[in-house]
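Working through the structure, step by step
Here are the chains, one letter per residue:
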Amino acid sequence: MFKIFSSDPVHNPISKQPAATEIKTTTCYMCACRCGIRAHLRDGELVYIDGNPEHPLNQGVICAKGSSGIMKQKSPARITQPLLRKQGSERGDGEFEAISWDQAFKLLEDRLSNIRATDPKKFALFTGRDQMQALTGLFARQFGTPNYAAHGGFCSVNMAAGMIYTIGGSFWEFGGPDLEKAKLFVMIGTAEDHHSNPMKIALSKFKRSGGRFISINPVRTGYSAIADEWIPIKPGTDGALFMALMHELIRLEKYDAPFLKKYSNSSQLVCLDSGAEEGLFLYDPDTDPLNNDLPHNKYIWDENTQTAKPCFEIGNSPALLGEYVMGPGPHAGKKVAPAFELLKQQVQETSPEWAAAITSIPADRIRKLALEMADTAFGQEFELPIPWTDVWGEKQDSVIGRPVAFHAMRGLSAHSNGFQTTRGLAVLMSLLGTIDRPGGFRHKAPYPRQVPPNIKPPSSENDIKPNTPLGKAPLGWPTQPEDLALDSQGRPLRIDKAFSWEHPLAAHGLMHNVITNAVKGDPYSIDTLMIFMANMSWNSTMNTMEIREHLNAKNEDGEFKIPFLVVCDAFQSEMVDFADLVLPDTTYLERHDVMSMLDRPISEFDGPVDSVRIPVLEPLGECKPFQEVLIELASRLKFPAFTTPEGERKFKDYPDFITRFQTAPDSGIGFLTGWRGEQGEKSLKGAPNPNQWQKYAENNCVHQYHMPREHQYMRNWNKGYLDFSKENALRQKNDPIMIAIYSDILQKFRLASTGKRPGAQPPEHLKARIFKYFNPLPFWYPPLEDEVTDLTEFSLNAITQRPMAMYHSWDSQNAWLRQIHSHNYLYVNTQTALKNGIADGAWMWIESQWGKVKCMARHSEAVDPGTVWTWNAIGKAESAWSLSANADESKKGFLLNHLISEELPLGGFTVSNSDPVTGQAGWYDVRVKLAPAGEDEPEETWPQVKAHSVPGMPLKRKTENL
């Protein structure tokens, strides 16, 4: 039997070990990749984890994290029983007493039922890096609170929103580079943790087949280390690069004009006249709009007749360039221009020389990059003999390949200019004609979807009523100011101010602002905050020390400003110390779970794929999956979706809920797509199957549906696919999904800021902000933090990235992975370090205008001279995660979070340090300076914070040097 922290070896390496007696398959959760794994057990004990060779995602490949899942299972930091903070103790002191689950549920039932019956928005549920947002979102909606979101607001909402508002899909789960058929691959702002194993597999094949790989990143690690060319770039300037590349492509007329004319809104006519229609598309009242939410009855300028015609009329020859005057009809005399003409004007001045001064990339290299992209896209064009029919009924004999593929992630999105930057990348890809074509960007089910999806957030107090489900989904995709989550006085309906005038398109919420806003009572106070799997008092917050103070903040009457704090976690994280109630979660090896088509599936290019987790081990102690907690609470609180008309409990437990829940009565649409129908004979859609879990268990915990080849490309406009997607509820409608080169949605908000548009208008102090950032065309602007920073004093950019061997703070207690990363360094270009008098390996200070940190330096040539960086979430509070008081993680490890501010003073008022469009946290905008530490200073990191062990943890450490 394995002995935690015993000096005895785990096994005798030269003796023969008994073979595993059982192998179970499930889905990994050591990162967000969600690979298929095999758990090898010997007499019920987990002894080995490897990749499942029969799984479509990772095909047997496994990384260090995945194989180390066994050590997470044996972690001494496990919380094993519900805990209640001792009366009279302070939050953060870690003083708890064990209680039963019955007591915990009764406590929550009484408190939450009172909130739901009086003011549902006083309850807030925010979750971290979970993968069950369809369930948590359903729970919040059934409760009736708008205050729900997952971690996307401080992760990569700019990537999701920027692309979905442009092309109807996004990177990672919902789309990616087709490296099997690409010839040129450009990766931008991506660390090695994103889509790890599938990307490694694809890159390996791509390189072996002769593909050319260019990495654009301030840092050369991970994927970038095997790139054919590394192009270092100044953080936060990627958008300027994209503008310059578009400038060159348009100047040289190297863009896919036929693709843009037919499949985007490039040729559709925009009104140039001042007034309520300024910058908006004009609509033909005599043409079918096809979709009332986002109508298609627009005009193009027909070059054959030199008149405006309905945009989808067969036989048109749409103009991309020029300015025109509308002829007789409802818009007679109005000046108009195709959207592409406005894009051409937008990039007129964004030359390579302009971008070079911003990005640090030489102008000649930018020009060469543009030519290389164009030459590959058009000079190496190919066709696949796949007949298909477009949405207008025209039959096509083949699919054209444009073999230029891109991939981008948080390096683009985690800036306060990330939305427009991501829009810029999506438009650049569209100019090259690569969208859902072989060798380019390809969608993954359930995308593509409408630009954007037809889901709206609450937009009135009337959507929030006692003992009633929320009138709309808590998160959504606004398309006009009237969709914003505001009350009748224009005040935010949500505690995080998502979908307010401060962050109108906050599709994933602003989890990083919840605690501060609640403590300030801005826009209002709350009663109960429930946090799942998010270390909000440490690495998941932008102003760590201030948040720790906020969590203990009290009113004049001595009561906490956040009266009740519930934390659900499997481990003793820094956040657990601050909880009033701790709910012990299971590990991924101890629970049922789903990667659902309703949420974040693992689809492949050729069709929908979902997967499950099935327990391979019994839960430790009294641990209970958070999924089960939600099902139990929803049943006790008698949510309509969880109870019968007679008020009885509808679902026995979480597996039963997953099996029998349908999005609408008799819809046949549930959480899982595999083995539906009473006999399990159907895919995607069908009646609930009581044996569904068993079928997944028998099939490697995964279900893959292969679409016909004629449905696998050009899905935005592919009639067969669009009909298929509507029939199987992947989409609500089957109209074409036009690429939004020009966003009239953004223009509607801009018009509201000028008062030219009737209806809702932003408050006076935000009008200039809305006008500037809601440009209907991509543009680059410096990160917001630059406006309030002395860039001469704080001249360096500072960024973080996750290491390949760890994911967030989950793995700090993992005995195997700690041997790879027990602490982190600040990586500094050698030239920069020596200029600041900092030796390799020396202790040093890194300081921003918001705070400072002491750490160790490491010289590196693999980082841009104007940038410093480190691994994220390695540094820990003393004794957190059951580490010893002298562990490297707390004495040598550090967080850059201490240097970042959650809020910025801009224009006489304070706003979130986030993208003004989406609310994406500006993690990578901070500017810093460096200095050597004094010789007499202690050789340990600063600041130092202490955490505490809690009752019921498996073992305390026996040594002080681990």
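Side note on the overall build of the protein
- Across its full length, the protein carries 23 helices and 36 strands.
- In terms of C-alpha radius of gyration, the protein reaches 27 Å, essentially the compact-globule figure of 30 Å for 962 residues.
- Dimensions of the protein, computed from C-alpha atoms along their principal axes, come out at roughly 85 × 75 × 65 Å.
- Per-residue burial over the protein gives 65% buried out of 962 residues.
- Per element, the accessible surface of the protein, about 32700 Å² overall, is 49% carbon and sulfur.
- Both charge centroids of the protein, one from 101 positive and one from 115 negative side chains, sit 2 Å from each other.

Some remarks on unusual backbone geometry
- Cis geometry is adopted by the peptide bond preceding P446, which originates at A445 and carries an omega value of 15 degrees.
- In this structure, P446 sits in the loop between β22 (441–443) and α14 (514–520).
- Cis geometry marks the peptide bond from W942 to P943; its omega dihedral reads 5 degrees.
- As for its position among the elements, P943 is in the segment after β36 (927–932).
- In this structure, N467 takes a positive phi of about 50 degrees despite not being glycine.
- With respect to the element layout, N467 can be found in the loop between β22 and α14.
- Overall, N467 belongs to the partly exposed group, its relative accessible area being 47%.
- Unlike most non-glycine residues, S879 shows phi in positive territory, near 75 degrees.

Some words on the sheet that holds strand β27 (residues 609–613)
- Here three strands make up an open sheet; going across it, the order is β26-β27-β28 and the pairing antiparallel. A strand with exactly one partner marks an edge of an open sheet, and here the two such strands are β26 (593–595) and β28 (702–704). Each neighbouring strand pair of the sheet contributes to a mean axis angle of 10 degrees, computed without reference to strand direction.
- Here β27 pairs with β28 via three bridges, running antiparallel. Looking at the pairing, V609 lines up with Q704 of β28.

Remarks on helix α20 (residues 744–754)
- Summarising burial for α20: 10 of the 11 residues are buried, a large majority.
- All buried positions along α20 are accounted for by D744, I745, L746, Q747, K748, F749, R750, L751, A752 and S753.
- Tucked into the core, α20 has its buried residues touching α5 (157–167), α13 (418–431) and α21 (767–773).
- Positive phi shows up at G755, right after α20, with a value of about 80 degrees.

Observations concerning the environment of K685
- Counting through the fold element by element, K685 comes out in the loop between α17 (654–660) and α18 (692–698).
- The partly exposed category is assigned to K685, whose relative accessible area is 34%.
- Leaving out residues up to four positions away in the same chain, K685 has contacts with S667, G668, I669, R676, E727 and N728.
- One polar contact links the side chain of K685 to the main-chain carbonyl oxygen of E727, over a distance of 3.2 Å.

With respect to the pattern of salt bridges
- Taken as a whole and assessed by the stated rule, the structure comprises 59 salt bridges.
- We note a salt bridge from R636 to E109, for which the minimum N-O separation is 3.0 Å. Of this pair, R636 sits in helix α16 (residues 626–636) while E109 sits in helix α3 (residues 101–118), placing them 527 residues apart in sequence.
- Judged by relative accessible area, R636 falls into the partly exposed class, the value being 25%.

Some points on helix α11 (residues 363–379)
- Compared with an ideal rise of 1.5 Å per residue, which puts 17 residues at 24 Å, α11 spans 23 Å between its outermost C-alpha atoms and is within 8% of the ideal.
- Residues A363, R365, I366, L369, A370, E372, M373, A374, T376 and A377 constitute the buried set of α11.

A word on the packing of helix α7 (residues 238–251) against helix α10 (residues 352–359)
- Running from amino to carboxyl end, α7 crosses α10 at an angle of 165 degrees, the nearest separation of the two axes being 9 Å. If you check the angle between α7 and α10, you find them roughly antiparallel. You can see that α7 and α10 cross each other, and the crossing is left-handed. Across from A240, L241, M243, A244, H247 and E248 in α7, the residues of α10 making contact are P352, W354, A355, I358 and T359.

Quick word on the packing of aromatic side chains
- Taken as a whole and assessed by the stated rule, the structure comprises 40 aromatic pairs.
- Aromatic side chains F143 and F639 sit 6.1 Å apart centroid to centroid with 85 degrees between the ring planes, which places their arrangement in the edge-to-face category. Placement of F143 in helix α4 (residues 133–143) and of F639 in the loop between α16 and α17 is noted, with a sequence separation of 496 residues between them. Pair check on accessibility: F143 and F639 agree, each one buried.
- Seen from their ring centres, F174 and Y447 are 4.5 Å apart, and the 35 degrees between their planes marks the pair as tilted. With F174 in the loop between α5 and β8 (175–177) and Y447 in the loop between β22 and α14, this residue pair connects regions lying 273 residues apart in the sequence. For the pair F174 and Y447, a shared accessibility class is recorded, and that class is buried.
- Ring pairing ties together the aromatic residues F123, F139, F143, F639, F642, F651, F657, F661 and F671, which thus form one cluster.
- The cationic tip of K298 hangs over the ring face of F281; the distance from NZ or CZ to the ring centre is 4.3 Å.

Some remarks on the environment of Q944
- Structurally, Q944 is set in the segment after β36.
- Measuring from C-alpha to C-alpha, the distance between Q944 and D436 comes to 50 Å, with 508 residues separating the pair along the chain.
- In contact with Q944, other than residues within four places in its own chain, are E878, S890 and K891.
- At 3.1 Å, the side chain of Q944 and the side chain of K891 are in polar contact.

As for the nonpolar core
- F406, F657 and I846 are the most contacted members of the largest nonpolar core, which has 216 residues in total.
- By residue number, the principal contributor to this core is α7, which donates eight residues.
- If you look at the next biggest cluster of nonpolar residues, it comprises 30 residues, including Y165, I745, Y781 and V917.

Quick notes on the pairing of strand β33 (residues 867–871)
- Within β33, five of the five residues are buried, which leaves the element mostly enclosed by the surrounding structure.
- Because side chains alternate across β33, one face comprises the buried residues T867, W869 and W871, and the other comprises V868 and T870, equally buried.
- Note: strand β29 (residues 796–801) against β33, five bridges, orientation parallel. Looking at the pairing, T800 lines up with T870 of β33.

Brief notes about the sheet that holds strand β16 (residues 335–338)
- Spatially, the three strands line up as an open sheet ordered β12-β16-β15, and their pairing is antiparallel. Taken across any chain shown, the strands that pair with only one partner, and hence form the sheet edges, are β12 (269–271) and β15 (324–325).
- Where β12 and β16 come together, three bridges link them in antiparallel fashion. If you follow C271 over to β16, its bridge partner there is V336.
- Lying over the sheet, helix α9 (residues 339–346) contacts β12 and β16, oriented at roughly 80 degrees with respect to β16.

Describing the confidence of the model for the protein
- For the protein, per-residue confidence averages 95 on the pLDDT scale, and residues scoring 70 or more make up 98% of the total.
- The low-confidence segment residues 956–962, where pLDDT is below 50, has 17 contacts with residues more than four positions distant or belonging to other chains.

Let's talk about the side chain of R365
- Here R365 lies in helix α11.
- Judged by relative accessible area, which is 12%, R365 ranks as buried.
- Only 2.7 Å separates the side chain of R365 from the side chain of E229, close enough to count as a polar contact.

Analysis parameters
Residues numbered from 1 in each chain as written. Predicted model: local features only at pLDDT ≥ 70, side-chain atom pairs only at ≥ 80, totals over all residues. Heavy atoms only, no water. Helix = DSSP H or I, 4+ residues; strand = E, 2+ residues; numbered from the N terminus. Rg over C-alpha atoms; globule rule 2.2 N^0.38 Å. Buried < 20%, exposed > 50% of the residue type's maximum accessible area, 1.4 Å probe, protein only. Areas by Shrake-Rupley, 256 points an atom, 1.4 Å probe, with all protein chains shown as cover. Lys, Arg positive; Asp, Glu negative; His and termini not counted. Charge placed at Lys NZ, Arg CZ, Asp CG, Glu CD. Pairing = 2+ DSSP bridges. Axes fitted to C-alpha atoms, helices over the stretch in contact; angles between N-to-C directions. Contact = heavy atoms within 4.5 Å. Polar contact = N/O pair within 3.5 Å; in protein donor to acceptor, adjacent residues only side chain to side chain. Salt bridge = Lys/Arg side-chain N within 4 Å of Asp/Glu carboxyl O. Expected span 1.5 Å × (residues − 1). Parallel < 35°, antiparallel > 145°, perpendicular 65-115°, else oblique. Left-handed = near helix turned anticlockwise from the far one by under 90°. Phe/Tyr/Trp six-rings, centres within 6.5 Å; stacked < 30°, edge-to-face > 60°. Lys NZ or Arg CZ within 6 Å of the ring centre and 35° of its normal. Core = buried A, V, L, I, M, F, W, Y, C linked by side-chain atoms within 4.5 Å. pLDDT = per-residue confidence, 0-100.

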